[in-house]
Amino acid sequence: MSQAHLAYKSRVNLGSYYTPTEIVDIAWEMIAPCVHSQTTVIDSACGYGDFLRDRGQVTTIGCDIDETAIDVARKNSDKVRFFQTNALCDVSREKFGVPQQSDLIVVGNPPYNDKTSLIRHSIKEVGFDIDEDIASRDLGISFLRSYNKLEADLICVLHPLSYLIKPTNFRLLKEFTANYRLVDGLLISSSKFPESAKHTSFPIVLALYQRGTEGMEYSFIRSFRFRIAGKSDFCLDDFDYITGYIDKYPKKRDQSTYNDTLFFWTMRDINALKRNRTFVESYSANTIVIDKRKLDYYAYVDVFKRNLHRLPFYFGNCDVLIDIDQFRQCKPSFISDTVRHHPFLKKHFRIDPMDKQQTESELDMYFKSLFGEHHV
Ligand SMILES: C[S@@+](CC[C@H](N)C(=O)[O-])C[C@H]1O[C@@H](n2cnc3c(N)ncnc32)[C@H](O)[C@@H]1O
């Protein structure tokens with residue numbers, strides 16, 4: 001199954017990256033225990049309809065804005081009620097003929113397309129209306145909000161993990177998180193989607209949400225144990241982060257007021273660190289002025305960047321991890337490594353650079369212990 005009927009630009013704008021069958025299988029394993037003879041199952045962004053399986057539910061609904069996709073989906077199944085329409089406009093159960101009291105499960109892989117993200121920015125446009133109360137800069141967030149509007153009892157969908165773990169995104173989901181609680185989350189690499197494989201892979205979660213009065217706070221996500229196929233769980237709270245020691249976004253001050261100033265590329269998440277530089281010699285809109293009292297921590301981030309190959313995909317949206325006690329113990333190794341890569345920094349540190357081999361073996365030990373079972 002592939003979305004081959006669409007040109008590149010439409011694929012980007014509709015977020016049409018169809019889901020590999022093995023992932024659809026796992027989604028169905030997650031919802032199967034809750035599918036009963038009175039359940040309605042809906043995929044409101046169904047593409048060719050791969051998620052629309054029959055497990056004895058009373059009604060199955062497939063919706064997509066893409067006419068050709070719906071035509072193909074219709075040929076694949078005769079038991080499904082199809083709608084070729086915009087799922088984000090006039091959102092209600094009536095729109096799909098679902099009775100208010102009916103047990104409703106949403107399944108699928110809605111599009112994610114951040115209008116403000118720079119990736120493929122020049123061709124991005126949203127060509128349809130979105131209800132004001134669910135509008136957002138990211139289509140995926142709007143889709144999650146639409147499931148809340150449908151008052152779905154259970155939701156099993158794929159979406160970027162960043163929606164949950166980045167506090168700014170989590171806040172965008174306020175109404176959603178007031179009514180839903182994550183009950184299962186399996187992390188999948190975006191590289192499993194053939195079209196995304198060319199880009200830096202980012203973590204996607206196959207998330208199962210249950211509607212209820214409890215909802216969830218951000219702290220719930222920090223302590224949630226996400227599953228990873230064939231590996232042990234991943235939990236944000238298992239680690240300490242550099243953001244506890246240096247400000248991620250210090251105030252940008254006029255560089256002309258500083259003598260002997262050092263600059264650092266603005267820090268974002270681990271995937272951004274992969275693409276960006278660390279220490280830079282001149283000021284620009286993308287740099288911050290280093291507070292020299294915290295220089296050791298900036299050296300830490302610089303060394304961390306050179307060791308990113310040790311980390312699996314699911315850390316992509318996290319901040320830089322740190323074990324503060326161990327770092328303090330082997331700080332000379334970090335500083336020696338930074339100075340070796342950026343000789344202009346030498347005069348800012350009061351240490352004699354260590355032997356390269358010794359540095360490398362200490363850093364190797366540090367990162368193996370920091371990443372533990374996650375070390376690649
Ligand atoms: C990631 S694909 C998923 C397709 C299918 N569920 C699958 O996983 O194979 C996203 C789908 O959302 C559809 N889509 C995008 N915007 C939509 C909208 N506003 N309303 C309904 N469908 C939309 C696209 O046409 C595309 O088929």
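Residues numbered from 1 in each chain as written. Predicted model: local features only at pLDDT ≥ 70, side-chain atom pairs only at ≥ 80, totals over all residues.

**Q** Which residues make up the domain arrangement of the protein, and what are the values?
**A** For the protein, the assigned domains read domain 1 (8-237) and domain 2 (240-374). On a C-alpha basis, the centres of domain 1 and domain 2 stand 37 Å from each other. Taken together, the contacts link 13 residues of domain 1 with 7 residues of domain 2. If you list the elements that add at least two residues to the side of domain 1 that touches domain 2, you get helix H5 (162-165), strand E6 (180-189) and strand E9 (231-234). For the side of domain 1 that touches domain 2, a count of residues per class yields 7 nonpolar, 5 polar and 1 charged. (Domains from an automatic or database assignment. Contact = placed C-beta atoms within 7 Å. Helix = DSSP H or I, 4+ residues; strand = E, 2+ residues; numbered from the N terminus. Nonpolar A, V, L, I, M, F, W, Y, C, P; charged D, E, K, R; others polar.)

**Q** Let's hear about the packing of helix H12 (residues 331-341) against helix H13 (residues 356-371): which residues, and what values?
**A** Between H12 and H13, the shortest axis-to-axis distance is 9 Å and the interhelical angle comes to 120 degrees. When the axes of H12 and H13 are compared, the pair comes out oblique. You can see that H12 and H13 cross each other, and the crossing is left-handed. For the pair H12 and H13, contact is made by Ser 333, Ser 336, Asp 337 and Arg 340 and by Lys 356, Thr 359, Glu 362 and Leu 363, respectively. Its residues assigned to classes, the contact of H12 with H13 shows 1 nonpolar, 3 polar and 4 charged. (Axes fitted to C-alpha atoms, helices over the stretch in contact; angles between N-to-C directions. Parallel < 35°, antiparallel > 145°, perpendicular 65-115°, else oblique. Left-handed = near helix turned anticlockwise from the far one by under 90°.)

**Q** Please provide a residue-by-residue account of the sheet that holds strand E11 (residues 263-265), values included.
**A** Strand pairing within a sheet occurs via backbone hydrogen bonds; the two strands may be parallel or antiparallel. In spatial order, the strands read E12-E11-E13; together these 3 strands make up an open sheet with antiparallel pairing. Two strands bound the open sheet, and with one partner strand each, they are strand E12 (279-280) and strand E13 (287-289). (Pairing = 2+ DSSP bridges.)

**Q** Break down the nonpolar core for me, with residues and values.
**A** With 88 residues, the main nonpolar core has Val 107, Ile 155, Cys 156, Val 205 and Tyr 300 as its most contacted residues. No other element matches the 7 residues that helix H10 (residues 295-306) contributes to this core. When residues of this core are sorted by domain, at least three fall in each of domain 1 (8-237) and domain 2 (240-374). What Val 107 contacts, discounting residues up to four positions off in sequence, is Ala 27, Ile 31, Val 41, Asp 43, Phe 51, Cys 156 and Val 157. (Core = buried A, V, L, I, M, F, W, Y, C linked by C-beta atoms within 7 Å. Buried ≥ 20, exposed ≤ 12 C-beta atoms within 10 Å, placed from the backbone.)

**Q** Give a description of helix H4 (residues 139-149) that names residues and reports values.
**A** The buried count for H4 comes to 10 of 11 residues, which makes it a mostly enclosed element. Taken together, the buried positions of H4 are Leu 139, Gly 140, Ile 141, Ser 142, Phe 143, Leu 144, Arg 145, Ser 146, Tyr 147 and Asn 148. Buried residues in H4 make contact with strand E4 (103-108), strand E5 (154-160), H5, helix H6 (167-172) and helix H7 (174-179).

**Q** Pulling in residues and values, what's your account of the site of the ligand?
**A** Every one of the 24 residues lining the ligand counts as a neighbour, but Tyr 18, Thr 19, Ala 45, Gly 47 and Asn 109 are closest to it. Among the residues forming the shell around the ligand, the class breakdown is 13 nonpolar, 7 polar and 4 charged. (Near = placed C-beta within 6 Å.)

**Q** So what's going on with the pairing of strand E7 (residues 203-211)? Residues and values would help.
**A** With 7 of 9 residues buried, E7 is to be regarded as a mostly interior element. Pairing analysis gives 7 bridges linking E5 to E7, with the strands arranged antiparallel. Residue Ile 155 lies in a different strand from E7, and its bridge partner there is Tyr 209. The sheet contact formed by E6 and E7 spans 9 bridges and is antiparallel. Residue pairing for E7: Tyr 180 is matched across the bridge by Arg 211.

**Q** Go over unusual backbone geometry, please, and point to the residues and values.
**A** Non-glycine residue Asp 90 carries a positive phi angle of around 50 degrees. Structurally, Asp 90 can be placed in the loop between strand E3 (81-84) and E4. Looking at Asp 90, the number of C-beta atoms within 10 Å reads 11, which means it is exposed. Of note, Glu 151 is a non-glycine position whose phi angle comes to about 55 degrees, a positive value. By secondary structure assignment, the location of Glu 151 is in the loop between H4 and E5.

**Q** Tell me about the packing of H10 against H12, and name the residues and values.
**A** Two numbers describe how H10 lies on H12: the axes approach to 9 Å, and their chain directions differ by 70 degrees. As far as their axial angle goes, H12 and H10 are roughly perpendicular. Note that H10 runs across H12; the crossing there is left-handed. Packed against H10, whose contacting residues are Asp 296, Ala 299, Tyr 300, Asp 302 and Val 303, the element H12 presents Lys 331, Phe 334, Ile 335, Asp 337 and Thr 338 at the interface. Looking at the contact of H10 with H12, its residues break down into 5 nonpolar, 1 polar and 4 charged.

**Q** Provide a residue-level description of the sheet that holds E9, including the pertinent values.
**A** Strand order in the open sheet made by the 9 strands is E3-E2-E1-E4-E5-E7-E6-E8-E9, with mixed pairing throughout. Both outer strands of the open sheet, E3 and E9, are each paired with one neighbouring strand and no more. Strand-to-strand twist of the sheet, defined as the mean angle between neighbouring strand axes without regard to direction, takes the value 20 degrees. Bridge analysis of strand E1 (residues 39-43) against strand E2 (residues 59-64) gives 4 bridges, and the strand direction is parallel.

**Q** Lay out H13 with the relevant residues and their values.
**A** Under the 1.5 Å per step criterion, the end-to-end length of H13 is 22 Å for 16 residues, consistent within 8% with the ideal 22 Å. A positive phi of about 50 degrees marks Gly 372, the residue just after H13. (Expected span 1.5 Å × (residues − 1).)

**Q** Residues and numbers for the environment of Ser 37, please.
**A** Along the chain, the position of Ser 37 falls in the loop between helix H2 (21-31) and E1. Look at Ser 37 and you get exposed, because 8 C-beta atoms sit within 10 Å. Through-space distance from the C-alpha of Ser 37 to that of Val 58 is 5.4 Å; in sequence the pair is 21 residues apart. Not counting chain neighbours up to four residues away, the residues in contact with Ser 37 comprise Gly 56 and Val 58.

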